[in-house]
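Notes for the structure review
Here is how the chains run, residue by residue.
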Amino acid sequence: MPTYQWRKSTYSPNSSNCVNVAASDRAVLLRESDDPDVILSTTPASLRAFIRGAKAGDFDCLRQGGA
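Rules used in this analysis
Residues numbered from 1 in each chain as written. Predicted model: local features only at pLDDT ≥ 70, side-chain atom pairs only at ≥ 80, totals over all residues. Heavy atoms only, no water. 1 Å grid on protein atoms, 1.4 Å probe; cavity = no way out; pocket = protein on both sides within 12 Å on 5 of 7 lines; lining within 4 Å. Points joined across faces, edges and corners; volume = space filled by probe spheres on them. Helix = DSSP H or I, 4+ residues; strand = E, 2+ residues; numbered from the N terminus. Nonpolar A, V, L, I, M, F, W, Y, C, P; charged D, E, K, R; others polar.

**Describing the layout of surface pockets**
A volume near 320 Å³ is recorded for the largest pocket. Looking at the largest pocket, the residues that line it are Arg 7, Lys 8, Ser 9, Thr 10, Tyr 11, Ser 12, Val 19, Asn 20 and Val 21. Elements supplying a minimum of two residues to the lining of the largest pocket: β1 (7–8) and β2 (19–23). In terms of residue count, β2 provides more of the lining of the largest pocket than any other element does, three residues in total. Its residues assigned to classes, the lining of the largest pocket comprises three nonpolar, four polar and two charged. By volume, the second largest pocket is sized at about 160 Å³. Of all the secondary-structure elements, those providing two or more residues to the lining of the second largest pocket are β3 (28–32) and β4 (35–42). The residue makeup of the lining of the second largest pocket, split by class, is four nonpolar, no polar and three charged.

Structure follows, in structure tokens:
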């Protein structure tokens, strides 16, 4: 398994439940610090679209149990 340079979000507290991000040659990698063996992979464009949608509140209905 390749070694990646993982970075922790500056918004994450100093506890073990942080989101880490790393870059590979083809993708952006995401993992939770308390389960580092599970790694999600996405494209930079898809991650930007997700972050843009989260900031705009596009996913707020999911928290409220909506469709």
